[in-house]
Amino acid sequence: MSSRKVMITIAPTGGFATKAHTPHIPTQPEEIAEDVRRCVDAGASVAALHARRPDDQATCDGAIYRRINDLVRSRCDVVINNSTGGGVNGDMVRGDDPVVDVVWSERLKGLEGGADICTMDAMTFIATAPDGREVVMKTPPSRCQELAALMRARGIKPEWEAFSPTHILQDCTRLIGEGFDDPPYLFNLVLGLDRSFQGALPYSPKLLQMMVELLPPGSVFNVSTIGPDQLLATTHALILGGHIRVGLEDHLYLSPGQLGTNVQFVERAVRIVRELGMEPASAKEAREILGLRPAHAAASLSAAQ
């Protein structure tokens, strides 16, 4: 009997942490690409990428994303997932008010990098930025519809993000029912953001179990957990039949007081996957799990966009 294959996603950068928080975080295209290559060599098959400007502030600039994606693909075979959320500074916000909105037009630029997958945040939330500002990401149903339609037209598979059961049961389920995605539906269940995102939930076994049970039939789920519960939640995700995400976007410390590297997080994930009798999926196997085009076909489409 063959072992179950598990997709390990590396999220190397994110939209919050800086080199002031940890020197290990890659923020520029060359260092992101090289870090992803090392993570793929260690066992990752999906890369969840955020872009940064030359000053390390957040952006969804399509040209920067395409540069990152091209550099990654020149170094390794991996499924690429680009964020349409960006972050809480840089190009994503304008003005210095205590409460500031994420710029919708900037978010849409995240679709222009030629990724296999893009994040689909079909919800409105408020994040508290490191500088104390409250950053509002407005995604009402009309914008959910627009983003889903653009992904569908470009041949991009959505990664439906959910920070609470409501996010599964409302616009995600509605848009799937309206034909904006084909099975398998990829859900990223994000826990541990409750201290910085209004409406988000902490990790607990009961909460994760409930969210998994609410997923639409035909779903594949990935679990991301912010903070020190990451190790518990990702291990729980494996037991529940899911896939896992690790990396400096989600947690900076490998153990209390010890800053980790992206490669170390992947290596530990691989050890746990194998201890539980499973095997890390290759990029080819990850595409099969997700129903994506083969790598050569995806690359051809990216070049044409």
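What comes next is a walk through the structure. (Residues numbered from 1 in each chain as written. Predicted model: local features only at pLDDT ≥ 70, side-chain atom pairs only at ≥ 80, totals over all residues. Heavy atoms only, no water.)

### Considerations on the sheet that holds strand β7 (residues 99-101)
Hydrogen bonds between backbone atoms are what pair the strands of a sheet, whose relative direction is either parallel or antiparallel. Sheet architecture is open: 3 strands sit in the order β7-β10-β9, paired in mixed fashion. Sheet topology places β7 and β9 (125-128) at the edges, where each strand pairs with a single neighbour. Along the sheet, successive strands turn relative to each other by an average axial angle of 30°, direction set aside. Here 3 bridges tie β7 to strand β10 (residues 134-137), and the two strands are oriented parallel to one another. For valine 100, the partnering residue across the bridge sits in β10 and is valine 135. (Pairing = 2+ DSSP bridges. Helix = DSSP H or I, 4+ residues; strand = E, 2+ residues; numbered from the N terminus. Axes fitted to C-alpha atoms, helices over the stretch in contact; angles between N-to-C directions.)

### Thoughts on the nonpolar core
Judged by nonpolar contacts, the single largest core of 87 residues is most densely connected at Val36, Val72, Met120, Phe187 and Leu189. Broken down by element, the residue count for this core peaks at 7 residues, all from helix α8 (residues 262-275). Ignoring any residue separated from it by four or fewer positions in sequence, one finds phenylalanine 187 in contact with Trp160, Ile168, Cys172, Ile176, Leu215, Pro216, Ser219, Val220, Phe221 and Asn222. (Core = buried A, V, L, I, M, F, W, Y, C linked by side-chain atoms within 4.5 Å. Buried < 20%, exposed > 50% of the residue type's maximum accessible area, 1.4 Å probe, protein only. Contact = heavy atoms within 4.5 Å.)

### Observations regarding the environment of glycine 14
Note that glycine 14 resides in the loop between β2 (8-10) and α1 (29-42). With a relative accessible area of 1%, glycine 14 lands in the buried category. Between the C-alpha atom of glycine 14 and that of asparagine 81, which follows or precedes it by 67 residues, the distance is 12 Å. Ignoring anything within four residues of it in the chain, the contact list for glycine 14 reads His50, Arg52 and Glu249.

Scope: geometric values only; no functional claims are made or implied.
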